[in-house]
Amino acid sequence: MKRLLIIATLLLTLWAFGAISVNAAGNSFNINFEDSSKGIVKVLFNTGTDKKVKLLIQKDADRYVYNLDNQIGAVNFPLQHGDGYYTVSIYENVYGSSYRRLTAAGAYVTLENPNIVFLQSVQEIDWNLERVAIAKANQLVAAALEAKRLKSGDAQSVLTEQETLKAIYDFVTANVVYNYTKIHGLPYNYLPNIDSTIVTLDGICYDYSSLLASMLRSQGIPTKLVKGYTTTTNVYHAWNEIYSSVEKKWMIVDSTFDAYYLQHNRPFTFEKSAESYAASKYY
């Protein structure tokens, strides 16, 4: 009886911390909540399967499904629904639309602050300091700071949050053009690559939004990538919400349409109306 109690306690501990993994001939899958206070869960999946694999993250009525591919290292996924109990499950396709659950883990999450998740690198917004796009963000901010100091004559001047945002947003909207043919050849599990976008300077709305979110997050500005619908187009769309620490609110920003308007000398407003945008998912 005592042995059974010890085993049961161990299993509950593994469930709580997400340390559930299966290893066979070097293949593994693992769900880890060790950085959950920062708003992310780390998921390792590397079984070599060529089947479709899905990741389900659930908190209360909120359910997000992600495509999951074989990766050498763990991938971060957002826990964007605030404090509470999250369940994370990995499913592998059996046939048709049928899936079997490979593993699951759950934990109660307490965030360091409500917006910390929107600063992290996650699957949809994959960034780090070694990325070309982030080096470009740093360059843009440094140039803006130098220009401000020269203009003011004050070598101690610093950029405001709005000035940092403007330096990055202005570059994206002035230089990235929409790729009208790309959308027709995308795989079902397509993910933006911010370095590819910054090099080619073209992309679809998903690329614009991931690039802008990555660059702003690297500068400490909480930014969401949002998917849903808008009155400006009749197809599924992606845009951003950017947090203003001065006004204490989230601003809807659509760099895809702003780039088009700017590049075609048409008028537009930076912050969009909430009545024109209906979010279905955000990361």
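Our subject in this report is the structure included herewith. The structure displayed is predicted, hence computed values, not measured ones. (Residues numbered from 1 in each chain as written. Predicted model: local features only at pLDDT ≥ 70, side-chain atom pairs only at ≥ 80, totals over all residues. Heavy atoms only, no water.)

## Focus on the packing of aromatic side chains
Here is step 1: Evaluated as defined, the whole model comprises 16 aromatic pairs.
Here is step 2: Counting every residue linked through ring pairs, the aromatic cluster contains Y64, Y66, F77 and Y283.
Here is step 3: The residue whose ring lies beneath K52 is Y188, and the NZ or CZ to ring-centre distance is 4.5 Å.
Here is step 4: Taking the ring centre of F118 as reference, the NZ or CZ of K224 above it sits at 5.2 Å. (Phe/Tyr/Trp six-rings, centres within 6.5 Å; stacked < 30°, edge-to-face > 60°. Lys NZ or Arg CZ within 6 Å of the ring centre and 35° of its normal.)

## Points about the packing of helix α2 (residues 132–152) against helix α3 (residues 161–175)
Here is step 1: It is the contact of α2 with α3, at a shortest axis distance of 9 Å, that shows an interaxial angle of 125°. Classed by the angle they form, the pair α2 and α3 counts as oblique. Classified by chirality, the crossing of α3 by α2 is right-handed. Touching K136, A137, L140, V141, A144 and K148 of α2 are E163, T164, A167, I168 and F171, all from α3.
Here is step 2: Grouping the amino acids of the contact of α2 with α3 by side-chain chemistry returns 7 nonpolar, 1 polar and 3 charged. (Axes fitted to C-alpha atoms, helices over the stretch in contact; angles between N-to-C directions. Helix = DSSP H or I, 4+ residues; strand = E, 2+ residues; numbered from the N terminus. Parallel < 35°, antiparallel > 145°, perpendicular 65-115°, else oblique. Left-handed = near helix turned anticlockwise from the far one by under 90°. Contact = heavy atoms within 4.5 Å. Nonpolar A, V, L, I, M, F, W, Y, C, P; charged D, E, K, R; others polar.)

## Re the sheet that holds strand β13 (residues 249–253)
Here is step 1: Spatial ordering of the open sheet is given by β13-β12-β11-β14, a layout of 4 strands whose pairing is antiparallel. At either end of the open sheet lies a strand with only one pairing partner, and these are β13 and β14 (277–282). Direction aside, neighbouring strands of the sheet carry axes that sit 40° apart on average.
Here is step 2: As defined by bridge partners, strand β12 (residues 233–244) adjoins β13 across 5 bridges and the pair is classed as antiparallel. Counted as the bridge partner of N240 is V253 from β13.
Here is step 3: In the packing of helix α5 (residues 205–218) onto the sheet, contacts are made with β11 (223–230), β12 and β13, and the angle to β12 comes to roughly 5°. (Pairing = 2+ DSSP bridges.)

## Considerations on the environment of P78
Here is step 1: Position of P78 among the secondary structure elements: in strand β6 (residues 75–78).
Here is step 2: Measuring from C-alpha to C-alpha, the distance between P78 and Y282 comes to 9.6 Å, with 204 residues separating the pair along the chain.
Here is step 3: Apart from the residues lying within four places of it in its own chain, the contact partners of P78 are G39, I57, Y66, V117, V122 and Y283.

## Focus on the nonpolar core
Here is step 1: Residues F33, V41, L55, I57, F77 and I90 are the most contacted members of the largest nonpolar core, which totals 60 residues.
Here is step 2: In this view, I57 contacts V41, D62, R63, Y64, Y66, F77, P78, L79, Y86, T87 and V88; residues no more than four positions away in its chain are not counted. (Core = buried A, V, L, I, M, F, W, Y, C linked by side-chain atoms within 4.5 Å. Buried < 20%, exposed > 50% of the residue type's maximum accessible area, 1.4 Å probe, protein only.)

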